[in-house]
Protein chains: 2
Amino acid sequence: MFDFQIHHRDGSSAARAGEFSTPHGTFRTPAFMPVGTRASVKGLLPRDLRDLGAEILLANTYHLALRPGADVVGRLGGIQAMMGWNGPVLTDSGGFQVFSLSNLRTVDDDGVEFRSHIDGAALRMTPENCIETQAAIGADIVMALDQCPPYPASRSEVEEATERTLLWARRCRDAHRTSDRQALFPIVQGGEFDDLRRQAARCLVAEVPSPGYAIGGVSVGEPHEIMMRAVDSAAAELPADRPRYLMGVGQPRDILGAIRRGVDMFDCVLPTRNGRNASAFTFSGILRLRNQQYEGDGGPIEADCDCPACRGFSRGAIRHFFQVGEMLGPILTSLHNLRFFARFMARIREAIRAGRLAEYEKEFLKSVDS
Amino acid sequence: MFDFQIHHRDGSSAARAGEFSTPHGTFRTPAFMPVGTRASVKGLLPRDLRDLGAEILLANTYHLALRPGADVVGRLGGIQAMMGWNGPVLTDSGGFQVFSLSNLRTVDDDGVEFRSHIDGAALRMTPENCIETQAAIGADIVMALDQCPPYPASRSEVEEATERTLLWARRCRDAHRTSDRQALFPIVQGGEFDDLRRQAARCLVAEVPSPGYAIGGVSVGEPHEIMMRAVDSAAAELPADRPRYLMGVGQPRDILGAIRRGVDMFDCVLPTRNGRNASAFTFSGILRLRNQQYEGDGGPIEADCDCPACRGFSRGAIRHFFQVGEMLGPILTSLHNLRFFARFMARIREAIRAGRLAEYEKEFLKSVDS
């Protein structure tokens, strides 16, 4: 059911372009996954996401397990039916949200006790119930439970989290009974410590054979260079014939650097969150659409963009929607930003095919900085 | 530029079906106009409105004049360009909002002084600047400034408002210099007093020849029977070959009764406002989508509906979106409700064509009450 085909390699870097097949369809890599935290990419219809070029969506297990509950998602036909999206879906494990959103958590090797950030209810997550929950939700790709240390963290803290993540990955592997329809991706932790990253990746590859592997514990406040070193260390030990997923990363500069190091999948709330804040990505830099200068501006956000915002609306109209609090401002700018990311990934795939990713990266970074 | 063609008449009532042509296209009557108060039908893309069967939209002069300002709408290419809607648009005069939203208003024959409900700024609306503002906004159909008395109101209050409305209609007529591209519709007032309604309609027809006429001062809290009598009285005096527009009316029962009395156009926030409150119209009655009973309901809002909500999402998923505060709940339910109104108007037009509107009205009212 799960198959990764690499069609092109960039001559001068570890980048590759290909496609990954799942029970709900195939997506091209390198891929950017829009985030539909609570079974909805905020404000957008799945048909529009498809038209924009999205090929796989992400949903958050933690949020769905709290509301409406994994059992309800199952009764509604699974996450694809619930989202109205007949395509591949990935769910995270929920671990990241337990460690970042909930209060009063206590973690030991068995699992993590936490309180719901919504109503304070006491809950427990273990590798086994994490896999069970994700089986009920029914995504095509599910993630192993991991412990994500903060940044910065001491070596001993990171060591403990990395060992526990490995322990939990083995238990997830043993609990995973749906490999005919769900691919389980384990997660490499190791913080900023190259040897821990390498060792974690080696152990996971040896002990948890999987159709793909993720690199976690990044995009938690560390500088670009630290993130790139973490990718270098992990990617060096991950199998070349399996997709590599860098979790939660969405800054274009980080995406380019990670793809050059052999990463194939990304997810981030950046296009939709920034879109809701009137911040538009373009290939010549960021536009702040609330700025007074756009009041009477009859041109589109980006002249050569084919998204519904740019084809139908002026900067001035979109600014007005933000100024008066109309939903159409966030909706149009989210549509534009997701289209920007889809075009960005398409240009990257084309650059890989043409063996000129390094040049494309330079051109892009120069263009957005100017 | 403006032409009203009546294609069918219902044998047993004053109902008729036809079409009205404007510089931005033709719409079929009886017509329901979705409301885009601030140049946006809340949360919906114009393409979706078109797909749902909307043929003309309404925007509110009062709101647009305050923000972004009629001059800015003009600089952005006019209301159609601003809304991303290449079709007919109607703007109201702003008078209704001045009398219902703003504070500290003082009205005399010259015009009305009021304070903005947004920032308290002192403003003045006269028939002349009302027409000027609507000329800058650029809708296909513009409305004369009227004074809408509350319900209930004394006869002398209603007399004063009705006379002033006639005075203002004459001044709007004289100020209206864009009849090549904008149709000016005067408004019949007269409250619940049949003779005042008749007299107001007669005077307007004699003194303000127009491509269409509106009946205002309804849907302000009066019972159904009072509204229907007001329609009866006004419609009896309005020219049979011009469209009649009943302002702000959207309850299906009121729409049916008014169409039977010869009304051709309606607008109301009901489908979108109720949609944002999780209340869905169906041909078998209202659904409250937040109800617990829909939690695990995998069926669509309405089985035979072809809207994006019903084709792509379950009641359970939409309930979840409302429960967690996702924009997709209001968006999907607004789409469904507007599709309901479009299908409702299409069934009415078909019943008129077949000469069986009275039967259709009975069937419909029985079905939604059951």
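Data block above holds the structure.
1. Some thoughts on the sheet that holds strand E6 (residues 89-91) of chain A
Residue and element names in this part refer to chain A.
In step 1: The strand order across the open sheet formed by four strands is E5-E6-E10-E11, and the pairing between neighbours is parallel. Each edge of the sheet is formed by a strand with only one pairing partner; in this case those strands are strand E5 (57-59) and strand E11 (183-185). The sheet shows a mean angle of 25 degrees between the axes of neighbouring strands, direction not considered.

2. Examining the packing of helix H7 (residues 155-175) of chain A against helix H8 (residues 194-207) of chain A
All names here are of chain A.
In step 1: Across the interface, H7 lies against H8 with an axial gap of 10 Å and an inter-helix angle of 10 degrees. Judged by the inter-axis angle, H7 sits roughly parallel to H8. Each of Val-158, Glu-159, Thr-162, Leu-166, Ala-169 and Arg-170 in H7 lies in contact with H8, whose residues at this interface are Leu-196, Ala-200, Cys-203, Leu-204 and Glu-207.
In step 2: The class makeup of the residues in the contact of H7 with H8 is seven nonpolar, one polar and three charged.

3. So, the sheet that holds strand E2 (residues 16-22) of chain A
Residue and element names in this part refer to chain A.
In step 1: The antiparallel open sheet is built from three strands, whose spatial order is E1-E2-E3. The two strands at the open ends of the sheet, each matched to only one other strand, are strand E1 (3-9) and strand E3 (25-29). Here the strands of the sheet are splayed against their neighbours by 15 degrees on average, with no regard to which way each runs.
In step 2: The pairing of E2 with E3 spans five bridges and is antiparallel. Looking at E3, one finds that Ser-21 is bridged to Thr-26.
In step 3: Each of E1, E2 and E3 is contacted by helix H14 (residues 328-353), which is oriented at about 120 degrees to E2, the strand it contacts most.

4. Details of the interface of chain B and chain A
In step 1: Counting residues at the interface gives 33 residues for chain B and 34 residues for chain A.
In step 2: Those elements giving two or more residues to the side of chain B that touches chain A turn out to be helix H1 (46-52), helix H3 (70-75), helix H12 (308-312), helix H13 (315-324) and helix H14 (328-353) of chain B.
In step 3: Ranked by residues supplied to the side of chain B that touches chain A, first place goes to H13 of chain B with six residues.

5. Focus: the relation of the copies chain B and chain A
In step 1: In screw terms, the move from chain B to chain A is a rotation of 180 degrees and a rise of 0.0 Å along the axis, fitting with an RMSD of 0.0 Å. Overall, the copies show the geometry of a two-fold rotation axis.
In step 2: When the interface residues of chain B are mapped onto chain A, 100% of them again lie at the interface, so the same face is used by both copies.

Rules behind the numbers
Residues numbered from 1 in each chain as written. Chains lettered and ligands numbered in written order. Predicted model: local features only at pLDDT ≥ 70, side-chain atom pairs only at ≥ 80, totals over all residues. Pairing = 2+ DSSP bridges. Helix = DSSP H or I, 4+ residues; strand = E, 2+ residues; numbered from the N terminus. Axes fitted to C-alpha atoms, helices over the stretch in contact; angles between N-to-C directions. Parallel < 35°, antiparallel > 145°, perpendicular 65-115°, else oblique. Contact = placed C-beta atoms within 7 Å. Nonpolar A, V, L, I, M, F, W, Y, C, P; charged D, E, K, R; others polar. Least-squares fit on C-alpha atoms with pLDDT ≥ 70 in both.

Scope: geometric values only; no functional claims are made or implied.
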